[in-house]
There are 2 protein chains.
Amino acid sequence: MNKKAVILLSGGLDSTTCLALAKEQGSELYALTVNYGQRHIFELEAAKKVALTIGVKKHSVINIDLAQFGGSALTDDIDVPKDRDESDMTDIPVTYVPARNTVLLSMALAWAETLGATDIYIGVNALDYSGYPDCRPEFIESFERTANLATKAGVDGKQFKIHTPLINLTKAEIVKKGMELGVNYGITTSCYDPFHNGDPCGHCDACTLRLKGFKEAGLKDPLNYQV
Amino acid sequence: MNKKAVILLSGGLDSTTCLALAKEQGSELYALTVNYGQRHIFELEAAKKVALTIGVKKHSVINIDLAQFGGSALTDDIDVPKDRDESDMTDIPVTYVPARNTVLLSMALAWAETLGATDIYIGVNALDYSGYPDCRPEFIESFERTANLATKAGVDGKQFKIHTPLINLTKAEIVKKGMELGVNYGITTSCYDPFHNGDPCGHCDACTLRLKGFKEAGLKDPLNYQV
């Protein structure tokens, strides 16, 4: 029997590749989408398509209304910045969602413990990223330690492991890896501020990094950029 | 101006006393109730009454459907154990909610960062408790470290502090402290399995510990026990 794993799945390029990698490693897949009051529903739709296409044992969608706390361009009424140079992205941008990965990982931990799973996958990336503090390896290591102190499973001697297979990859390497695994990036979505039909804006940080990744990989992004 | 603090408030004896202590320490109070699919609505009603009575700047209630993960007598269809000796409570019971305090603290962290607050209060107790791993000081310290690595505020040099003013108090000491501060325990609720009118069962771990606390403090619990 395959080992159960909980994989955080937003429906974007990174988490989709992460799910495909967990499958390659022989895990029984439990995909978890946390709907924390994002601006658009395309992420949720993409996550559902990805879970179905890659083939998961179960896909859970959990709603948390982080938007009521405010404070982010992704959940609040603040403009998403456009056409920033990559060098500007080292500053933490307004698209930062407070404590987002802590919230996501705590939900994944709750489900994992209930399932009797100890493997949790999150597609964070410390290279081509937007300067978010909760994408750094030291954060992941600290959360893992906390998880093992927090839980009955940890007390019983099981060890939770937070897997971050993308953490040291460039966006181009992530895209190449996903293509090798047969990922259909045409059903994913990365844009922070898509058009009404779901097409990506091509100008936000997420689009800029994604387009750069495909370009450097020598591949074409199947999404329909209106640029 | 008082310093903002986020206080986790379930509406039970411990979190209510914790809120009163944060008030005594001069904080501007932001009470956070996380409704994680508890069995009964009396907790939510009690939390609202407590927030109003003690006087908070804002009370947020956030819903997270942890019950869909299953695995606990508090969110699932499992019987709450009754009339256990205190010595049995060192085993982790079925009322344990997977990763509960990790989930609660991550939500408090998200709100605190949005508010620009660095003080978070949680009424955990390592003495008269039910054997939950996420009530231990080593868990709290590890979460605090994770919080400071997770956040923009942490990166910017602000330090989050997880306050646990009850952690080394007996239930009797907690009750005495609360009474000194004028807490009305008649509007709180602790029972895991109350009657339909909200009255406590008097036999679950929470009731057993609470009754023992009042008894040892030489005080009478104002709740209506049908025992």
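Residues numbered from 1 in each chain as written. Chains lettered and ligands numbered in written order. Predicted model: local features only at pLDDT ≥ 70, side-chain atom pairs only at ≥ 80, totals over all residues.

A. Just the overall build of chain A, in detail. For chain A, the count of helices and strands is seven helices and five strands. Sequence-ordered secondary structure for chain A, helices as α and strands as β, is β-α-β-α-β-α-β-α-α-β-α-α. The buried share of chain A, taken over its 227 residues, is 53%. (Helix = DSSP H or I, 4+ residues; strand = E, 2+ residues; numbered from the N terminus. Buried ≥ 20, exposed ≤ 12 C-beta atoms within 10 Å, placed from the backbone.)

B. Local environment of the environment of B:Val103. Along the chain, the position of B:Val103 falls in helix H3 (residues 100-115). A tally of 24 C-beta atoms within 10 Å means that B:Val103 is categorised as buried. When sequence neighbours within four positions are dropped, the list of residues in contact with B:Val103 reads A:Ser106, A:Met107, A:Ala110, B:Tyr36, B:Ile64 and B:Leu66. (Contact = placed C-beta atoms within 7 Å.)

C. Focus on the sheet that holds strand E3 (residues 58-63) of chain A. All names here are of chain A. Spatial strand order, E3-E2-E1-E4-E5: five strands in an open sheet with parallel pairing. Strands at the two margins of the open sheet, each flanked by one partner only, are E3 and strand E5 (161-163). Each strand axis lies, on average, 25° off the axis of its neighbour in the sheet, ignoring direction. Alignment of strand E1 (residues 4-8) against strand E2 (residues 28-35), held across five bridges, turns out to be parallel. Bridged to Ile-7 within E2 is Ala-31. Strands E2 and E3 of the sheet are contacted by helix H2 (residues 42-54), whose axis makes an angle of about 175° with E2. (Pairing = 2+ DSSP bridges. Axes fitted to C-alpha atoms, helices over the stretch in contact; angles between N-to-C directions.)

D. View of the interface of chain B and chain A. Contacts between chain B and chain A engage 38 residues on the former and 38 residues on the latter. Only strand E3 (58-63), H3, helix H4 (137-150) and helix H5 (152-155) of chain B provide two or more residues apiece to the side of chain B that touches chain A. A per-class count over the side of chain B that touches chain A returns 19 nonpolar, 13 polar and six charged. (Nonpolar A, V, L, I, M, F, W, Y, C, P; charged D, E, K, R; others polar.)

E. Expanded view of the packing of helix H1 (residues 13-24) of chain A against helix H6 (residues 171-180) of chain A. All names here are of chain A. With their axes 10 Å apart at the nearest point, H1 and H6 run at an angle of 45° to one another. Between H1 and H6, the angle falls in the class oblique. Where H1 crosses over H6, the handedness of that crossing is left-handed. Contacts between H1 and H6 involve Leu-13, Asp-14, Thr-17 and Ala-20 from the former and Ile-174, Lys-177 and Gly-178 from the latter. The residue inventory of the contact of H1 with H6, partitioned by class, reads three nonpolar, two polar and two charged. (Parallel < 35°, antiparallel > 145°, perpendicular 65-115°, else oblique. Left-handed = near helix turned anticlockwise from the far one by under 90°.)

F. Layout of the sheet that holds strand E4 (residues 119-121) of chain B. All names here are of chain B. Pairing is parallel in the open sheet, where five strands are placed in the order E3-E2-E1-E4-E5. Every interior strand has two partners, whereas the edge strands, E3 and strand E5 (161-163), have only one. Going from strand to strand, the sheet's axes swing by 25° on average, the running direction of each strand aside. Note that strand E2 (residues 28-35) and E3 share six bridges and pair parallel. Residue pairing across strands places Thr-33 opposite Val-61, the latter belonging to E3. Relative to the sheet, helix H2 (residues 42-54) contacts E2 and E3, its axis offset from that of E2 by approximately 175°.

G. Molecular detail of the relation of the copies chain B and chain A. When chain B is fitted onto chain A, the two copies agree to an RMSD of 0.0 Å after a turn of 180° and an axial shift of 0.0 Å. What we have between these two chains is a two-fold relation. Across chain B, the smallest distance between a C-alpha and the rotation axis is recorded for B:Ile64, namely 2.8 Å. A symmetric contact is evident, with 100% of the interface residues of chain B recurring at the interface of chain A. (Least-squares fit on C-alpha atoms with pLDDT ≥ 70 in both.)

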